Amino acid sequence: MSSKKYVYLFEEGNSDMRMLLGGKGANLAEMTRIGLPVPPGFTITTEACNAYLASGEKFPEGMLEEVFAALSKLETRTGKKFSQRENPLLVSVRSGAAISMPGMMDTILNLGLNDETVKGLADLTGDDRFAYDCYRRFIQMFSDVVLGIEHATFDDLIERYKRKLSLIFDYEIPAEELMNIINDYKNIVREEKGFDFPQDVKEQLSMAIQAVFSSWNNQRAIVYRRLNKIDDSLGTAVNIQCMAFGNMGENCGTGVAFTRNPSTGDKELYGEFLINAQGEDVVAGIRTPTPISRLKDELPQVYQQFVDTCIKLENHYRDMQDIEFTVEKGTLYMLQTRNGKRTARASVKIAVDMVNEGIISKEEALLRVDAEQINQLLHRQIDTSIDLEPIATGLPASPGAACGKVIFDADQAEKLGEAGQKVILVRNETTPDDIHGIVYAQGVLTSRGGMTSHAAVVARGMGKPCVSGCESIKIDLVGRQFTVNDVVVKEGDIITIDGATGRVLLGEVAMIEPTLSDEFETLLGWANQVKKLEIRANADAPGDAAKALEFGAEGIGLCRTEHMFMATERLPIVQEMILSDSLEAREKALARLLPFQREDFHGILKVMAPNPVTIRLLDPPLHEFLPNHDALLLEIAELKHQKADQRIILEKEELLKKVNSLAESNPMLGHRGCRLGVTYPEIYRMQTRAIFEAMVKLKQENIETYVEVEIPLVMDLAELELLKAEINDVYQQVKGETGVELNFVIGTMIELPRACVTADKIANQADFFSFGTNDLTQTTLGFSRDDAEGKFIPIYLEKKIIKDNPFAVLDRNGVGVLMRLAVEKARSSKPGILMGICGEHGGEPSSIEFCHMIGLDYVSCSPYRIPIARLAAAQAALNNK
């Protein structure tokens, strides 16, 4: 006999035993403990479930004996007998994981009925129709959950009976017809399974427990856990509870209610109930439930008792409660309470209201709101009151919703967008070449790429919706259309994309504009009082900087200068510079770019002054600014076919030669970052001159600025020393020309493992470090982000090789160890060195917590993720005091 205890009566547990008894079991125990009307019962622990699953689906030793011993105590307490015709004991069997998973696992009601006990129930209640209705429901639920027979098989049969009898509702079917239905149900079981419906109630209970344990690994539960990052090893408890009947007449009923409105957060009882019904009737959609407020008219005494109970539960748990209840012959029974699921808007309002009501503290309010969830509040959303059928679903890469004309190239998107038309840029995948099109598009849809693909990162940075990796759409660029199964969408057709869910919909769909409530501002104000990390923005244009300030940014942690080169009027000059054969020609082209860069920096610095702005010098390889190799090859072939001007053909062939000469086998590890500055110092000299001249101009306008000049992809101290000397030389020139002294520092981006392990040496010449965790993740894991996300990361996640996509959630055990080492080494040689993070991880709550833990000074993220980062930084400070 096992010494481990697998079964707890409700009165033996409490709310602190959630991991062992599951959320439902712990709350039933707690409600019993505080004297609420809970039908008696007991809980089989999550440990029993895990032992059952680990042993190849065998009950752990001694568990069933404990179950039947507990059942015997229920018999003593209720005076009813399990398996006896006279006064039969009936129970419900429900799952209940430690973390709430509503609707994901299975429930069985009225267990204990068979051909004999149903007669006893009829005698006991004096109501044959009620007894046989319970038996009919039990056979249907048991057959579905335990025997695996499709629910619809039984639904179809009962619908045929109702049509034959000209009835609308199940509860109108008379007892004699219910007996016929039961016989037909039992015949379905015999035909489907090859055996009779089990009559031994102990066997029924044993089979039901097995089914609930096994439902931990049903497909919807697995998917739900993956989406909500719930540990697969938790297991589910099983709650066995005496039945309370809401279907015994007009003074009975069942319902579900929230102590506050879960959509808005308003302080009002919110829910539904049905007179003369059992639990599944409320959610099955067969009957239309009545608003909970109507219970006041139908059963006034019960209503008042229920209101009082709701107040007691909310005050006890100090959170909004989601409650299931049954009324049996005028007596209220509480079947469940749990912290209610709610929208982001409601979450914020409830947290702030409860502080104002003296129920919770400000610190608790900050921890109550899911930082990731508040993303919903910052973008236009599709009106969820409308039922919509998507034509395709991809990855929800950047939240918000947008509709517009389908456009397949960036130039056309820019042209139409600039003219005021709403367009959706649809591409197989986007590249930096498409940036101008993304700027003017309402949103982006790609058939390839992941959650941190180029399209996703850029769209999030701009606050634009993006659906990426939508593999079911087949794009035909020649035919200017895409297809999904039999649906053909042509260029110019209207579609709507939902970046929050990944849905793609035909036509224009009603949208809701975001409104940031007073409670939202209040909560973020509290976050600022608590957080230790500074929150900066990744912003490349004055508009982005202004939006970042609006959301509470305290500076810019990453300004990517390459984005400034992609504008239509600048790209030809950039290409001219790249194609130049001499230093003189290259400097001539760079001199034409200088005014553009100076104006860009002037605009950004003016908006953000006096806050710090980190400006990263050119990072991507030069070939990214040239035309695509295959497209150029095709263009030359077409020109030759059309017998075009030979001079034009020669120009294109020269361009192709340059494209070929700059082509790299692995551009991510190639001629980019500071390597460009070393081989083409004139590029970095032009950029730093533009920065300093913009600062001078602003100082003359009485605007004080502070710039952090950032050298990317450094792997050795010698690179930094060389380029730092070049930057300081340019500064001395500008200072000599203008007589103006400027406030700036020079630092580097830490993106390579070698930079991490030599951080103490690099820190001697750096004024700051900024971790570029996107590339640091690639170089540490050996994953090419764009390839990995589309090809094998989903399989790695499915096979549990990795827990999270490392480009979305910082890899603490690999990348994180290198970051921690770099921090320790850098501060050992320069204690006060400023250190931050500017990768996409800078806006993800778990990654922000890690940055707090290793002592970084700031995180930087897309403007629309700044409120998330502010809240996550406060939560990190509270959770890691």
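This text goes with the structure placed above it.
In this text the structure is predicted, and so the values were computed from the model without any measurement.

With respect to the overall build of the protein
When its secondary structure is counted, the protein shows 34 helices and 31 strands. Overall size of the protein, expressed as C-alpha extent along the three principal axes, is 105 × 65 × 55 Å. A burial count over the protein gives 55% of its 881 residues as buried. Nonlocal contacts in the protein, meaning residues at least 24 apart in sequence, comprise 69% of its contacts between residues at least 6 apart. Counting every atom, the protein has about 36,200 Å² of accessible surface; 49% of that belongs to carbon and sulfur.

Concerning the pairing of strand β7 (residues 270-275)
Where strand β6 (residues 253-258) lies against β7, six bridges are found, and the strand directions are antiparallel. When the bridges of β7 are listed, A257 appears paired with G271.

Some points on the nonpolar core
One finds F692, F769, F771, M819 and L856 to be the most contacted residues of the largest nonpolar core, which totals 146 residues. Per-element tally for this core: the top contributor is helix α25 (residues 681-700), with ten residues. Filtering out sequence-adjacent residues up to four positions away, M819 remains in contact with F771, T773, L776, L810, I837, F850, I854 and L856. One finds I108, F138, M141 and F154 within the second-largest nonpolar core, a separate group that totals 65 residues.

A short note on the packing of aromatic side chains
Per the stated rule, a full pass over the model turns up 17 aromatic pairs. With a centroid separation of 6.2 Å and 65° between ring planes, the pair formed by F258 and Y270 is classed as edge-to-face. One end of the pair, F258, is in strand β6; the other, Y270, is in strand β7, with twelve residues separating them in the sequence. A relative accessible area of 34% means that Y270 is categorised as partly exposed. When the centroid spacing of 4.7 Å and the interplanar angle of 55° are considered together, the rings of F692 and F744 count as tilted. In this pair, F692 is assigned in helix α25 and F744 in strand β28 (residues 744-750), connecting sequence segments 52 residues apart. On the basis of relative accessibility, which here comes to 0%, the residue F692 falls in the buried class.

Digging into the pairing of strand β31 (residues 858-861)
Residues Y858 and S860 point to one face of β31 and V859 and C861 to the other, with burial holding for every one of them. Looking at chain direction, strand β24 (residues 534-538) and β31 are connected through four bridges and run parallel. Note that in β31 the partner of A537 across the bridge is C861. Here two bridges tie strand β30 (residues 834-837) to β31, and the two strands are oriented parallel to one another. Across the sheet, G836 pairs through a bridge with Y858, a residue of β31. Between the parallel elements β30 and β31, the chain passes through helix α33 (residues 845-853) in a crossover that is right-handed.

What about helix α23 (residues 646-662)?
With 17 residues, α23 should cover 24 Å at 1.5 Å per step; its first-to-last C-alpha distance of 24 Å lies within 8% of that length. Of all the positions in α23, only I649, L655, L656, V659 and L662 are classed as buried. Burial along α23 is one-sided: seen end-on, the buried residues are contained in an arc of 145°. Residues of α23 that are exposed and point over 90 degrees away from its buried face: R647, K657 and S661. In this structure, the buried side of α23 is in contact with α20 (571-579) and α22 (629-641). For α23, the capping residue at the N-terminal end is D645, with a side-chain oxygen 2.8 Å from the backbone nitrogen of R647.

Focus: helix α26 (residues 717-738)
Given 3.6 residues to a turn, an α-helix orients residues that are three or four positions apart in the same direction. Taking 1.5 Å per residue, 22 residues should reach 32 Å; α26 reaches 31 Å between its end C-alpha atoms and fits that length. Taken as a whole, α26 has its buried residues at E719, L720, L723, K724, I727, V730, Y731 and V734. Buried residues of α26 fall within an arc of 125° about the axis and therefore sit on the same side. Along its buried surface, α26 packs onto α24 (674-679), α25, β27 (706-711), β28 and α28 (759-762). For α26, the N-terminal cap is D716; the gap from its side-chain oxygen to the backbone nitrogen of A718 is 2.9 Å. Looking one or two residues beyond α26, the residue adopting positive phi is G739, at roughly 70°.

Some remarks on the sheet that holds strand β18 (residues 474-476)
Through backbone hydrogen bonds, the strands of a sheet pair up, either in parallel or in antiparallel fashion. Taken in spatial order, the three strands of this open sheet run β18-β19-β20, and their pairing is antiparallel. Both edges of this open sheet fall to β18 and β20 (487-490), since each of them pairs with a single strand only. The mean angle between the axes of side-by-side strands here comes to 20°, regardless of whether they run parallel or antiparallel. Where β18 lies against strand β19 (residues 481-484), three bridges are found, and the strand directions are antiparallel. Bridge pairing in β19 links D476 to Q481.

Digging into the packing of helix α21 (residues 583-608) against α25
Relative to each other, α21 and α25 sit at 35°, their axes nearing to 7 Å. Here the hand of the crossing between α21 and α25 comes out right-handed. A breakdown of the residues in the contact of α21 with α25 according to their chemical character gives 13 nonpolar, three polar and nine charged.

Focus: the side chain of K464
One can find K464 in the loop between α17 (454-462) and β17 (466-468). D544 provides the closest opposite charge to the buried, salt-bridge-free K464, at an N-O distance of 8.6 Å. Among the polar contacts listed, one links the side chain of K464 to the backbone oxygen of V439, at a separation of 3.1 Å. Polar contacts involving the side chain of K464 include one to the main-chain carbonyl oxygen of A441, which spans 2.7 Å. If we skip the residues at most four places from it in the chain, K464 touches S398, P399, I438, V439, A441, Q442 and A459.

Regarding unusual backbone geometry
A cis amide bond links A609 with the next residue in sequence, P610, at an omega value of 5°. As for its placement among the helices and strands, P610 is situated in the loop between α21 and β26 (612-616). Positive phi outside glycine occurs at E57, with the angle close to 70°. On the secondary structure map, E57 appears in the loop between α2 (46-54) and α3 (63-78). Accessibility expressed as a relative area gives 42% for E57, which makes it partly exposed. Positive phi is not limited to glycine here, since N110 has a value of about 65°. Topologically, N110 is positioned in strand β4 (residues 107-111).

A word on the sheet that holds strand β3 (residues 91-97)
One open sheet holds the five strands; their spatial order is β1-β2-β5-β3-β4, and the pairing between them is antiparallel. Only two strands of the sheet have a single neighbouring strand rather than two, namely β1 (7-9) and β4. Pairs of neighbouring strands in the sheet enclose a mean axial angle of 20°, with direction left out of account. Where β3 meets β4, three bridges bridge the pair, whose relative direction is antiparallel. Residue pairing for β4: R94 is matched across the bridge by T107.

Notes on the packing of α22 against α23
Viewed as axis vectors pointing N to C, α22 and α23 meet at an angle of 160°, and their least axial separation amounts to 10 Å. Classified by the angle their axes make, α22 and α23 are roughly antiparallel. When you trace α22 past α23, the crossing you get is left-handed. On α23, the residues touching H629, L632, L633, E635, I636, L639 and K640 of α22 are I648, I649, K652, E653, L655, L656, V659 and N660. Of the residues contributing to the contact of α22 with α23, the split by class is nine nonpolar, two polar and four charged.

Remarks on the pattern of salt bridges
Taken as a whole and judged by the stated rule, the model has 59 salt bridges. Here E314 ties to R260 by a salt bridge, and the two come within 2.8 Å at their closest N and O atoms. Of this pair, E314 sits in helix α12 (residues 300-317) while R260 sits in the loop between β6 and β7; the two residues are 54 residues apart in sequence, bridging distant segments of the chain. Taken as a pair, E314 and R260 share a single burial class, namely buried. Its salt-bridge partner being E534, residue R536 comes within 2.8 Å of it at the nearest N-O pair. Taken together, the salt bridges that share partners define one network made up of E562, R616, D619, R672, E751 and D775.

The rules we used
- Residues numbered from 1 in each chain as written.
- Predicted model: local features only at pLDDT ≥ 70, side-chain atom pairs only at ≥ 80, totals over all residues.
- Heavy atoms only, no water.
- Helix = DSSP H or I, 4+ residues; strand = E, 2+ residues; numbered from the N terminus.
- Buried < 20%, exposed > 50% of the residue type's maximum accessible area, 1.4 Å probe, protein only.
- Contact = heavy atoms within 4.5 Å.
- Areas by Shrake-Rupley, 256 points an atom, 1.4 Å probe, with all protein chains shown as cover.
- Pairing = 2+ DSSP bridges.
- Core = buried A, V, L, I, M, F, W, Y, C linked by side-chain atoms within 4.5 Å.
- Phe/Tyr/Trp six-rings, centres within 6.5 Å; stacked < 30°, edge-to-face > 60°.
- Right-handed = clockwise from strand over helix to strand, strands pointing away.
- Expected span 1.5 Å × (residues − 1).
- Arc of directions from axis to C-beta.
- Polar contact = N/O pair within 3.5 Å; in protein donor to acceptor, adjacent residues only side chain to side chain.
- Axes fitted to C-alpha atoms, helices over the stretch in contact; angles between N-to-C directions.
- Left-handed = near helix turned anticlockwise from the far one by under 90°.
- Nonpolar A, V, L, I, M, F, W, Y, C, P; charged D, E, K, R; others polar.
- Lys, Arg positive; Asp, Glu negative; His and termini not counted.
- Salt bridge = Lys/Arg side-chain N within 4 Å of Asp/Glu carboxyl O.
- Parallel < 35°, antiparallel > 145°, perpendicular 65-115°, else oblique.

Read these as spatial facts, not as claims about activity.
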